[in-house]
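Coordinate analysis (summary)
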Amino acid sequence: MLRSLRPYLVVLGVLWLLPTVLVAGLHFSLPDHNAGGQCEGIGWGCTLPPAEGVLLLGMMASPFLLAAGMLGCAVVALVRARRRRVAAGPRSPRRAGVTSP
């Protein structure tokens, strides 16, 4: 059963799990304050701290990663269905009662 789910797990791991782990790792490893006395926040010349900026970028990327994961799973399903159809072989249409010489 795991073998049949493997392509889906690879697609979702690359498009959903890897970015999640990357954003979480960067959020906890980057500083949560701005260097050089810059003000923190958004607007009026202020910038987000690096840790918060990573979270913002992750939230902005999440809809695209969600769509890409769903599209990737659909492509995997279509490829697998096509391979099953090709592996089944061509079905020759024969009329009932007709035999080949």
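Each remark here, short or long, concerns the structure printed above.
Now for a description of the structure that goes with this document. (Residues numbered from 1 in each chain as written. Predicted model: local features only at pLDDT ≥ 70, side-chain atom pairs only at ≥ 80, totals over all residues. Heavy atoms only, no water.)

1. A look at the overall build of the chain
- Along the backbone of the chain there are 2 helices and 0 strands.
- Taking all 101 residues of the chain together, 11% fall into the buried category.
- In the structure as shown, the chain presents an accessible area of about 8400 Å², 69% of it carried by carbon and sulfur atoms. (Helix = DSSP H or I, 4+ residues; strand = E, 2+ residues; numbered from the N terminus. Buried < 20%, exposed > 50% of the residue type's maximum accessible area, 1.4 Å probe, protein only. Areas by Shrake-Rupley, 256 points an atom, 1.4 Å probe, with all protein chains shown as cover.)

2. Some points on the environment of C73
- Its location among the elements puts C73 in helix 2 (residues 50–88).
- Between the alpha carbons of C73 and V10 there is a distance of 9.7 Å; along the sequence they are 63 residues apart.
- C73 has contacts with Y8, V11 and L12, leaving out every residue within four places of it along the chain. (Contact = heavy atoms within 4.5 Å.)

3. Re the environment of C46
- In this structure, C46 sits in the loop between helix 1 (2–29) and helix 2.
- Overall, the relative accessible area of 22% leaves C46 in the partly exposed class.
- Counting along the chain gives 12 residues from C46 to N34, while the straight-line C-alpha distance between them is 9.7 Å.

4. A few points about a nonpolar patch on the surface
- On the surface, L55, L56, L57, M59 and M60 cluster together into a nonpolar patch covering about 470 Å² of accessible area.
- Note that M59 resides in helix 2. (Patch = residues over 30% accessible without salt bridge, like charges linked within 9 Å, V, L, I, M, F, W, Y side chains within 5 Å. Salt bridge = Lys/Arg side-chain N within 4 Å of Asp/Glu carboxyl O.)

5. Considering the side chain of N34
- Of note, N34 is situated in the loop between helix 1 and helix 2.
- For N34, the side chain forms a polar contact with the main-chain oxygen of T47, separated by 2.9 Å. (Polar contact = N/O pair within 3.5 Å; in protein donor to acceptor, adjacent residues only side chain to side chain.)

6. Here's the deal with helix 2
- Compared with the 57 Å implied by 1.5 Å per residue over 39 residues, the 55 Å span of helix 2 between its first and last C-alpha is a close match.
- Of all the bends found along helix 2, the most pronounced is centred on S62 and spans about 40°, while P63, a proline, follows it within four residues.
- When helix 2 is considered as a whole, its buried residues turn out to be A51, G53, V54, G69, G72, C73 and V76.
- In the segment just after helix 2, G89 is the residue with positive phi, at about 90°. (Expected span 1.5 Å × (residues − 1). Bend = angle between axes of the 7 residues up to and from the residue.)

7. A look at the side chain of H27
- By the secondary structure assignment, H27 is in helix 1.
- In terms of polar contacts, H27 uses its side chain to reach the backbone carbonyl oxygen of A51, at 3.0 Å.
- In this view, H27 contacts A51, E52, V54 and L55; residues no more than four positions away in its chain are not counted.

8. A closer look at the environment of R80
- When you line up the elements, R80 lands in helix 2.
- Here the alpha-carbon distance between R80 and P7, two residues 73 residues apart in the chain, equals 9.7 Å.
- Dropping the residues within four chain positions of it, R80 is found in contact with S4 and Y8.
- From its side chain, R80 meets the backbone oxygen of S4 in a polar contact 2.6 Å long.

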